[in-house]
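# Reading the structure
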Amino acid sequence: ARQARRVYLGNVTHVIVEAELVAFLNERIKAVPERTPLNPALEPVVSITMNREKAYAFVEFHSDQDADIAVCMDGILFKGVIPLKIRRPK
């Protein structure tokens, strides 16, 4: 189900560039040794929708596993300074 592949990102401040955030998530998720990608040629992130005014984003991943890995990274620092809230969408 698509819902299982989506996550909510909070604290996505106005300084965060969409392409940089996608690259950061892809890099961090691919670095997880236990990850078993369905297709290793594909990047984990399929799409991202950002709401700058409310400082959040929704990210869709290729697999449930990648979404699970992302949720486990809750609190991770983007650029070493911005802690991202990563949750399951309500």
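This one's a predicted model, so the numbers in the text were calculated from it and none came from an experiment. (Residues numbered from 1 in each chain as written. Predicted model: local features only at pLDDT ≥ 70, side-chain atom pairs only at ≥ 80, totals over all residues. Heavy atoms only, no water.)

### Quick notes on the overall build of the chain
A tally of helices and strands in the chain yields two helices and six strands. Along its sequence from the N terminus, the chain presents helices and strands in the succession β-α-β-β-α-β-β-β. Overall, the C-alpha framework of the chain stretches about 35 × 25 × 20 Å when taken along its three principal axes. Within the chain, the proportion of its 90 residues that are buried is 37%. Positive and negative charge centroids in the chain, built from 13 and 11 side chains respectively, lie 5 Å apart. (Helix = DSSP H or I, 4+ residues; strand = E, 2+ residues; numbered from the N terminus. Buried < 20%, exposed > 50% of the residue type's maximum accessible area, 1.4 Å probe, protein only. Lys, Arg positive; Asp, Glu negative; His and termini not counted. Charge placed at Lys NZ, Arg CZ, Asp CG, Glu CD.)

### Observations regarding the pairing of strand β2 (residues 45-51)
Across six bridges, the pairing between β2 and strand β3 (residues 56-61) is antiparallel. The residue bridging Asn51 from the neighbouring strand is Tyr56, located in β3. (Pairing = 2+ DSSP bridges.)

### A few points about the pairing of strand β1 (residues 6-10)
The element β1 is largely enclosed, with a buried count of four among its five residues. The sheet contact formed by β1 and β3 spans five bridges and is antiparallel. Bridge pairing in β3 places Val7 opposite Val59. With three bridges joining them, β1 and strand β6 (residues 85-87) adopt antiparallel strand pairing. Bridge pairing links Leu9 to Ile86 in β6.

### Digging into the nonpolar core
Ranked by size, the top nonpolar core spans 24 residues in total, and within it Leu9, Leu21 and Leu84 carry the most contacts. When residues of this core are traced back to their parent elements, those giving at least two are β1, α1 (18-30), β2, β3 and α2 (64-72). (Core = buried A, V, L, I, M, F, W, Y, C linked by side-chain atoms within 4.5 Å.)

### A few points about the sheet that holds β3
What the four strands build is an open sheet, ordered β2-β3-β1-β6; its pairing is antiparallel. Since the sheet does not close on itself, it has two edges, and those belong to β2 and β6, each with one partner. Each strand of the sheet is rotated relative to its neighbour by a mean of 20°, with strand direction disregarded. In the packing of α1 onto the sheet, contacts are made with β1, β2 and β3, and the angle to β2 comes to roughly 140°. Sheet contacts for α2: β1, β3 and β6; angle to β1, the most-contacted strand, approximately 25°. (Axes fitted to C-alpha atoms, helices over the stretch in contact; angles between N-to-C directions. Contact = heavy atoms within 4.5 Å.)

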